[in-house]
Amino acid sequence: MAGQVDPIFGGIFSGRRVLVTGHSGFKGGWLSVWLYRLGAQLTGVSLPPEKGPSFYDACGLPVIMDSRFADIRDPAALQKALADVDAEVVFHMAAQPLVRRSYREPAETFATNVSGTAHVLDAALKMKSLKAVVVVTSDKCYDNKEWTWGYRENDPMGGRDPYSASKGCTELVAQAYQHSFFGDPQGPQLTTVRAGNVFGGGDWGEDRLVPDIVRSAEAGKPLHIRSPFSVRPWQHVLEPISGYLGLAAKLLEKGQPFAGPWNFGPDVSGTVNVRNLAMMMQHSWGAGAPEFTFHHTGDGPPDGMHEAGILRLDSTKAQTRLGWRPQLDLPEAIQLTVDWYRSHAAGEAMAGITDAQIGHYSNLMSSDMFDRATVAAQ
């Protein structure tokens, strides 16, 4: 239901003009539905959803927002698509999000994630009512040293594969724009946000663990899983999105003290290896869950493509300065995901199911969640 005044965000998004890039994707779709629930006036720009099932179609996003299609790699097409848009808040989520695809299409990955971000920021700067920009990158933006502790916002950017490097570059582009064009304390503010390995209902991306498990379950076929001992910070999609929304609200209310980079990762209990996550998903699915085979060597994925072995985020800054906290333990996050896919397979109305899951998550959040910061934002 649109137009609700959620006490967590103080009604700050009600009636706000909000632009979401990448709204036809998985994370952008969940963010758009939550913003609609909060009463925002939504515009989305992205590529059309890929063929096959999608969150965009399942939840009827064309009905709840002004949906436009343009390739962010093409600045002229993007400017044309946004010519009459004067957003107060921009969430930039459009991206090429897949590590393995980045090996097949490295130049395309850099063009989308790096140049595309610059094109979006150029378009945003032309919006007279602009107050806040949230650029969504990835936990893989960090120069990964295979540390057992989490990466903090002031750790260096890097990346050994094209996707990770592109996200590190995206952070540098956003930082350059922040210093060059968003430095006025009285003007619009820019922030970047980094989350873990998100999952949830409505993700059908290629080469992603949870969608692969769902496809195997629905097809009744076993699944071969690569790199079972790689450790990832797993989290339900609503966890980081709650942080993005809370941060955007603070940018609107208090401005510059909340600009800059932020991590929104899971608690330590949510950081497990691929094999454990797969087995938890299998247990939650129950009857009809696929059987797994694993590639058990410790030398990386069988095709030789480099992927991080250990990756963790330190979200102390978000917890102490913003008041943000994860609300779901890993088994509950997995159960919500399984319930969503089972409902979709049963032909249920997914807009209502999705709204109910957002409502459930909102009820777990205390009304003063983003007002409990113990350290002033710097």
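Please refer to the structure higher up on the page.
Now for a look at the structure at hand.

Quick notes on the rules
Residues numbered from 1 in each chain as written. Predicted model: local features only at pLDDT ≥ 70, side-chain atom pairs only at ≥ 80, totals over all residues. Heavy atoms only, no water. Helix = DSSP H or I, 4+ residues; strand = E, 2+ residues; numbered from the N terminus. Rg over C-alpha atoms; globule rule 2.2 N^0.38 Å. Buried < 20%, exposed > 50% of the residue type's maximum accessible area, 1.4 Å probe, protein only. Contact = heavy atoms within 4.5 Å. Areas by Shrake-Rupley, 256 points an atom, 1.4 Å probe, with all protein chains shown as cover. Lys, Arg positive; Asp, Glu negative; His and termini not counted. Charge placed at Lys NZ, Arg CZ, Asp CG, Glu CD. Expected span 1.5 Å × (residues − 1). Bend = angle between axes of the 7 residues up to and from the residue. Axes fitted to C-alpha atoms, helices over the stretch in contact; angles between N-to-C directions. Parallel < 35°, antiparallel > 145°, perpendicular 65-115°, else oblique. Left-handed = near helix turned anticlockwise from the far one by under 90°. Nonpolar A, V, L, I, M, F, W, Y, C, P; charged D, E, K, R; others polar. Salt bridge = Lys/Arg side-chain N within 4 Å of Asp/Glu carboxyl O.

So, about the overall build of the protein. From N to C terminus, the protein includes 13 helices and 12 strands. Here the C-alpha radius of gyration of the protein, 19 Å, is about what a compact globule of 378 residues would show, namely 21 Å. Projected onto its principal axes, the C-alpha coordinates of the protein cover approximately 55 × 45 × 45 Å. In the protein, buried positions account for 57% of the 378 residues. In the protein, once contacts between residues fewer than 6 apart in sequence are set aside, the share between residues at least 24 apart is 80%. A total accessible area of about 15100 Å² is found for the protein, and carbon and sulfur atoms account for 53% of it. If you average the places of the 34 positive and of the 40 negative side-chain charges in the protein, the two averages end up 3 Å apart.

With 20 residues, helix H6 (residues 106–125) should reach 28 Å at 1.5 Å per residue; the first-to-last C-alpha distance of 28 Å fits that figure. Maximal helix bending in H6 amounts to about 35°, located at Gly 116. Among all positions in H6, only Thr 109, Thr 112, Asn 113, Val 114, Gly 116, Thr 117, Ala 118, His 119, Val 120, Leu 121, Ala 123 and Ala 124 are buried.

Taken N-terminus to C-terminus, the directions of helix H12 (residues 330–345) and helix H13 (residues 350–364) make an angle of 165°; their axes are 10 Å apart at the nearest point. Taken together, the axes of H12 and H13 are roughly antiparallel relative to one another. Here H12 runs over H13; the crossing is right-handed. Contacts between H12 and H13 involve Glu 332, Leu 336, Asp 339, Trp 340, Ser 343 and His 344 from the first element and Met 350, Ile 353, Thr 354, Gln 357, His 360 and Leu 364 from the second. Residue composition of the contact of H12 with H13, by class: five nonpolar, five polar and two charged.

The next thing to look at is the pattern of salt bridges. Applying the stated rule across the entire model yields 18 salt bridges. Note that Lys 140 is salt-bridged to Asp 139, the shortest N-O span being 3.8 Å. Take Lys 140 and Asp 139: they sit in the same class, and that class is buried. Members of the salt-bridge network, linked through shared partners, are Arg 16, Arg 17, Asp 86, Glu 88 and Lys 131.

By themselves these figures say nothing about function.
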